[in-house]
Amino acid sequence: MEDMDDSVDVPAAGPTYRLCFVCTGNICRSPMAAVVMQRLVDDEGMSDLVAVDSAGTNAWHVGGPADVRAIAALGDGGYDGRAHRARVFERGWLDGRDLVLALDQGHLRELRALARNDGQRAKVRLLRSFDGDAAEGAEVADPYFGDGRDFAEVLEQVERACRGLLDAVRRALPARA
């Protein structure tokens, strides 16, 4: 499935711009993305304007922590992912989020299939579409069956995409008074 035009900003539906990162089990890619994005938001002094969370498309790991390799890669990058607890994405969250960031094409298809209308479908985007250097349709690699190098690669992909996402969110937020 081809991604929608990510150059079009989705304006904030309310005073807080709500982001949800989604991968399969919510223990590797999506928690890494949420931790990175939260740090960027905090560093920009935008914590009162942007809410960040994550979830999985499957309930395999609900309540469990992030994968130890994800926590290690985050730690090596200066982030702390130890507080994460996995959860599953719920259809109703499409109403409560401004953007839902799919980590790969499979997640994109699953999330868009949950949408009840075009407005909800438009909220679902591939995270790497916000990385200006990534190819069209680029996914965040799945490190689950890999090693520390694979998780480090995911961290690099996520950091680049989240910087672009932060720029898009900044443009979408109403002008600060």
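One structure accompanies this document, and this report is about it. Predicted model, so just to flag it, every value in this text is computed and none were measured.

1. Let's talk about the overall build of the chain
Then, number 1: When you go through the chain residue by residue, the secondary structure sums to 6 helices and 4 strands.
Then, number 2: Start at the N end of the chain and walk to the C end: the helices and strands fall as β-α-β-α-α-β-α-α-β-α.
Then, number 3: A compact globule built from 177 residues should have a C-alpha radius of gyration of about 16 Å, and the chain, at 15 Å, falls within 12% of that.
Then, number 4: Based on the C-alpha atoms only, the size of the chain along its principal axes is roughly 40 × 35 × 30 Å.
Then, number 5: Taken across its 177 residues, the chain has 50% of its residues classed as buried.

2. What to know about the packing of helix α2 (residues 68–76) against helix α6 (residues 148–172)
The packing of two helices is summarised by the inter-axis angle and the distance between the axes.
Then, number 1: Interhelical geometry of α2 versus α6 gives an angle of 55° and a closest axis separation of 9 Å. Judged on the interaxial angle alone, α6 and α2 are oblique. α6 is crossed by α2, and the crossing has right-handed handedness. Listed contacts from α6 to Arg-69, Ala-70, Ala-73 and Leu-74 of α2 are Phe-151, Ala-152 and Leu-155.
Then, number 2: For the contact of α2 with α6, a count of residues per class yields 6 nonpolar, no polar and 1 charged.

3. A short note on the pattern of salt bridges
Then, number 1: One pass over the full model with this rule turns up 14 salt bridges.
Then, number 2: Between Asp-167 and Arg-170 there is a salt bridge, and its shortest N-O distance comes to 2.8 Å. Taken together, the residues Asp-167 and Arg-170, both in helix α6 and 3 residues apart, mark about one turn of the helix.
Then, number 3: According to the relative accessible area criterion, Asp-167 is partly exposed, its value standing at 35%.
Then, number 4: Connected through salt bridges with shared partners, the residues Arg-29, Asp-104 and Asp-142 form a single ionic network.

4. Remarks on helix α4 (residues 105–114)
Then, number 1: Among the residues of α4, those classed as buried are Gln-105, His-107, Leu-108, Leu-111 and Arg-112. In a view along the axis of α4, the buried residues occupy a sector of 155°, so they form one face of it.
Then, number 2: Elements that come into contact with the buried residues of α4 comprise β1 (17–23), α1 (29–43), α3 (93–96), β3 (99–102), α5 (118–123) and β4 (124–126).
Then, number 3: Two or three places before Gly-106, at the start of α4, stands the capping residue Asp-104, its side-chain oxygen 3.0 Å from that residue's backbone nitrogen.

5. Overview of the nonpolar core
As a rule of thumb, nonpolar side chains are buried together in soluble globular proteins.
Then, number 1: Counting residues in hydrophobic clusters, the biggest one holds 41 residues, and the most contacted among them are Leu-19, Phe-21, Met-37, Val-50, Leu-127 and Leu-165.
Then, number 2: Where this core is concerned, the elements lending two or more residues are β1, α1, β2 (50–56), α2, β3 and α6.
Then, number 3: Excluding residues that lie within four positions of it along the chain, Leu-165 makes contacts with Leu-19, Phe-21, Met-37, Leu-99, Leu-101, Leu-127 and Phe-130.
Then, number 4: Listed in part, the 13 residues of the second largest apolar core include Leu-94, Leu-111, Ala-115 and Leu-126.

6. Section: the packing of α1 against α2
Then, number 1: At their nearest, the axes of α1 and α2 sit 10 Å apart, and the two run at 25° to each other. Our classification of the angle between α1 and α2 gives roughly parallel. In the packing of α1 onto α2, the handedness of the crossing is right-handed. Listed contacts from α2 to Met-32, Val-35 and Val-36 of α1 are Ala-70, Ala-73 and Leu-74.
Then, number 2: Considering only residue class, the contact of α1 with α2 consists of 6 nonpolar, no polar and no charged.

7. Describing the side chain of Arg-97
Then, number 1: Its place among the elements puts Arg-97 in the loop between α3 and β3.
Then, number 2: Given the relative accessible area of 12%, Arg-97 is considered buried.
Then, number 3: Among the polar contacts made by the side chain of Arg-97, one reaches the side chain of Asp-53 at a distance of 2.6 Å.
Then, number 4: When neighbours within four sequence positions are excluded, Arg-97 is seen to be in contact with Arg-18, Cys-20, Asp-53, Arg-87 and Lys-123.

About the thresholds
- Residues numbered from 1 in each chain as written.
- Predicted model: local features only at pLDDT ≥ 70, side-chain atom pairs only at ≥ 80, totals over all residues.
- Heavy atoms only, no water.
- Helix = DSSP H or I, 4+ residues; strand = E, 2+ residues; numbered from the N terminus.
- Rg over C-alpha atoms; globule rule 2.2 N^0.38 Å.
- Buried < 20%, exposed > 50% of the residue type's maximum accessible area, 1.4 Å probe, protein only.
- Axes fitted to C-alpha atoms, helices over the stretch in contact; angles between N-to-C directions.
- Parallel < 35°, antiparallel > 145°, perpendicular 65-115°, else oblique.
- Left-handed = near helix turned anticlockwise from the far one by under 90°.
- Contact = heavy atoms within 4.5 Å.
- Nonpolar A, V, L, I, M, F, W, Y, C, P; charged D, E, K, R; others polar.
- Salt bridge = Lys/Arg side-chain N within 4 Å of Asp/Glu carboxyl O.
- Arc of directions from axis to C-beta.
- Polar contact = N/O pair within 3.5 Å; in protein donor to acceptor, adjacent residues only side chain to side chain.
- Core = buried A, V, L, I, M, F, W, Y, C linked by side-chain atoms within 4.5 Å.

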